[in-house]
Amino acid sequence: MLSAKSLFAFAILVPLVGAAIPAEAAKAKADGTAARAACFQKANEAVAAVGFSANNADKNAVGQDAYRQCCFKAGIRP
């Protein structure tokens, strides 16, 4: 049979661990969101560097390529 001390420690430890897990998940999500925003900005800069003379298909291809490369470098899914 478990002692009172171990039951008390278990009763205190479980809620603390449960409260820490969502906080870590939110932090990872925020980091991913910031990385995605930076990649999106780099894609927009790449499209702007193409200029006005390119057609929309070329602009889309350049932007998508820049975004995907940035995501792979950052270690996030595009």
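Look up a bit, the structure's there.
Throughout this document, residue positions are counted from 1 along each chain, in the order its sequence is written. Reporting in this predicted model follows two pLDDT cut-offs: at least 70 for local features of residues, and 80 or more for side-chain atom pairs to be given and counted; totals over whole chains, interfaces and linings ignore these cut-offs and use all residues. With hydrogens and water excluded, all non-hydrogen atoms of the structure serve as input to the side-chain values.

A. A look at the environment of Asn 60. Along the chain, Asn 60 turns up in helix α2 (residues 56-74). Placed 13 residues apart in sequence, Asn 60 and Val 47 show a C-alpha to C-alpha distance of 7.7 Å. Here a strand is any run of E in DSSP of at least two residues, a helix any run of H or I of at least four, and the numbering for each starts at the N terminus.

B. Region of interest: the nonpolar core. Grouped together as the largest cluster of nonpolar side chains are five residues: Ala 35, Cys 39, Cys 70, Cys 71 and Ile 76. Those elements that place two or more of their residues in this core are α1 (4-50) and α2. Among the buried residues, those of types Ala, Val, Leu, Ile, Met, Phe, Trp, Tyr and Cys that are joined through side-chain atoms within 4.5 Å form a nonpolar core. To sort residues, take the accessible area from a 1.4 Å probe on protein chains only and compare it with the maximum for the residue type: under 20% means buried, over 50% means exposed, and anything in between is partly exposed.

C. Spotlight on the state of the cysteines. The criterion for a disulfide is a pair of cysteine sulfur atoms lying within 2.5 Å. Here the structure, examined in full by the defined rule, presents one disulfide. Sulfur-sulfur distance for the disulfide between Cys 39 and Cys 70 comes to 2.2 Å. Here the disulfide of Cys 39 and Cys 70 is left-handed, its torsion about the S-S bond being about -75°. Taken together, the residues span a long stretch of sequence, with Cys 39 in helix α1 and Cys 70 in helix α2 at a distance of 31 residues. No disulfide involves Cys 71; its nearest neighbouring cysteine sulfur is the one of Cys 39, lying 4.1 Å away. The exposure class assigned to Cys 71 is buried, which follows from its relative accessible area of 0%.

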